[in-house]
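# Close look at the chain arrangement
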Amino acid sequence: MSTLAVETRATRAPNTLSATEIARAVAAGETTCEAVVRACLERIGEREHEVHAWASIDPELSLRRARELDRAATRGPLHGVPIGIKDIIDTADLPTEMGSPIYRGHRPATDAACVALARAAGAVILGKTVTCEFAGMTPGATANPHNLAHTPGGSSSGSGAAVADFMVPVAYGTQTGGSVLRPAAYCGVFGFKPSFGAFNRRGVYPAAESLDTIGLIARSLDDLELVAAVLELRTPSAPDALDRPPRIGLCRTPLWDKAQPETVSAVEDAAQRLGRAGARLSEVALPEEFAGLRHAARETINNYERAAAMAHEWSTDRERIRERLGKRIALGRAMPHEEYAAALRLGEDCRARLPEVFGDIDILLAPCTNGEAPRGLGETGDPGFQTIWTILYTPTLALPTHRGPNGLPVAIQLVGRRRDDRRLLACARWVWQRLGAPELIGYRG
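Here the structure is a predicted model, which is why all the values come from computation and not from measurement.

A word on the sheet that holds strand 11 (residues 409–416). The strand order across the open sheet formed by 11 strands is 1-3-2-4-6-5-10-11-9-7-8, and the pairing between neighbours is mixed. The sheet terminates laterally at strand 1 (54–57) and strand 8 (280–283), the two strands that pair on one side only. If you compare each strand with its neighbour and ignore which way they point, the axes differ by 30° on average. Each of strand 4 (170–175), strand 5 (190–193), strand 6 (213–218) and strand 10 (396–403) touches helix 8 (residues 221–231); the most contacted strand, strand 6, lies at about 145° to it. Relative to strand 10, helix 16 (residues 421–435) is tilted by about 10°, and along the sheet it contacts strand 5, strand 7 (247–250), strand 9 (363–367), strand 10 and strand 11.

What follows is the structure in structure tokens.
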């Protein structure tokens, strides 16, 4: 570590450090866990009345945990790192309310697996971040830090906004359609949805169990790799290095006609610049049947499995379920099982063709969202460009590389082979070094 790097780290406000930098600074004695948590809480105090990223937070609890860590030997690779937890993920010492009045004040008996692993590694659970109702489509009050009149995306809205606003360095989200990558893209930070099943989901309220995936939102690729290692019971190690420029497939997907000019420009500009930087670029067209994946995931599997998961709430508290979600549950309950089974088979068939799609390609470059974050807080944006990869179970990343016409971030999406998450992250590092726009990361106002 260079002297300049240490000096830069030591002179920055602790809440602006990445999780990796915090862990190193605490270990080196350059700061304390308590100082980091206090800085995050101060930022929340300054901005939360506008951003509304947090569903619940207990400052004294998090400060007490920080002081305990300061007195203890290093617990693990996340020692002293504050983390935000999406409010459909169980925490034993904070409410888990699902964005719904049905669960107001609900206190789980135990932590979810992903929370317990972070605590054991030394993390401070800073608070619970706002989620759309039951991780669905009805948003809470969270606003986009870059422009409070625009959506932060959903359903991991609070996680995306809190990380982007420097309230916390990293936060958990979940993705059933596009609920990790879209908030990350709209808020100008990194979003990572690992391969399906990579992170244990015990203690996470289900939306559609065939699709639900825990993901991470952070301000650096290093942080994604650090936290992923903890959640996969691995010892964090130096990032994998590429021995050559990656082979990248430009995949516009069957939804390309829905891309707004800023997304078209971002994807095509990224492809051109990466090609000039030495990547081997080729065009990739998905097989024709892949065009049905968005509908299969969003309208069929999601509705059917959500209807089953929410049988208790539907029977006992139907009047407190918002209209939009209620319609989806009703559709799921009325759906013929054969229609659901056909959607599952389509997903399986398309996943079986992924080796053919990738060929000798390392990663795909694809659109991430239709465009920059839409104006208004009543909608969270179209998940289509994320959903097709969610049902394919591939690891995906949102990288904030461009700007839209309103000055808001526009991301590109990188897609890896299933179960080849570390290769995707290594390729993403190469891509970011050539396209990276650090000035876009987070709201610096």
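Structure's up, so let's keep going.
With that out of the way, let us pick up helix 16. Helix length check: helix 16, at 15 residues, gives a terminal C-alpha distance of 20 Å against a target of 21 Å (1.5 Å per residue), a fit within 8%. The element helix 16 is extensively covered by neighbouring structure, given that 11 of its 15 residues are classed as buried. Of the positions making up helix 16, those classed as buried are D421, L424, L425, A426, C427, A428, R429, W430, V431, W432 and L435.

Bringing the confidence of the model for the protein chain into the picture now. In the predicted model, the protein chain carries a mean pLDDT of 96, and the fraction of residues at 70 or more is 98%. At the low end of the mean pLDDT range in the protein chain sits helix 1 (residues 3–11), at 57; at the high end sits strand 2 (residues 82–86), at 99.

A word on helix 13 (residues 337–352). With 16 residues, helix 13 extends 23 Å between its outermost C-alpha atoms, agreeing within 8% with the 22 Å of an ideal straight helix rising 1.5 Å per residue. For helix 13, the full list of buried residues reads Y340, A341, A343, G347, C350 and R351. Elements in contact with the buried residues of helix 13: helix 10 (293–309), helix 14 (354–358) and helix 15 (384–391).

The final tally for this structure, using the stated rule, is 28 salt bridges. A salt bridge links R244 to D362; its shortest N-O distance comes to 2.8 Å. On the criterion of sequence distance, the pair formed by R244 in the loop between helix 8 and strand 7 and D362 in the loop between helix 14 and strand 9 is long-range, its members being 118 residues apart. Judged by its relative accessible area of 27%, R244 falls in the partly exposed class. What you see here is one network of salt bridges that share partners, running through R43, E46, R47, E50 and D165.

Within strand 3 (residues 124–129), six of the six residues are buried, which leaves it mostly tucked inside the rest of the structure. Note: strand 1 against strand 3, three bridges, orientation antiparallel. Each residue of the ladder has a partner; that of S56, found in strand 3, is K128. Bridge count between strand 2 and strand 3: five bridges; the pairing is parallel. Paired with P82 across the two strands is V124, which belongs to strand 3. You can see the chain leave strand 2, run along helix 5 (residues 113–120) and come back into strand 3, and the turn it takes is right-handed.

The rules we used
Residues numbered from 1 in each chain as written. Predicted model: local features only at pLDDT ≥ 70, side-chain atom pairs only at ≥ 80, totals over all residues. Heavy atoms only, no water. Pairing = 2+ DSSP bridges. Helix = DSSP H or I, 4+ residues; strand = E, 2+ residues; numbered from the N terminus. Axes fitted to C-alpha atoms, helices over the stretch in contact; angles between N-to-C directions. Contact = heavy atoms within 4.5 Å. Expected span 1.5 Å × (residues − 1). Buried < 20%, exposed > 50% of the residue type's maximum accessible area, 1.4 Å probe, protein only. pLDDT = per-residue confidence, 0-100. Salt bridge = Lys/Arg side-chain N within 4 Å of Asp/Glu carboxyl O. Right-handed = clockwise from strand over helix to strand, strands pointing away.

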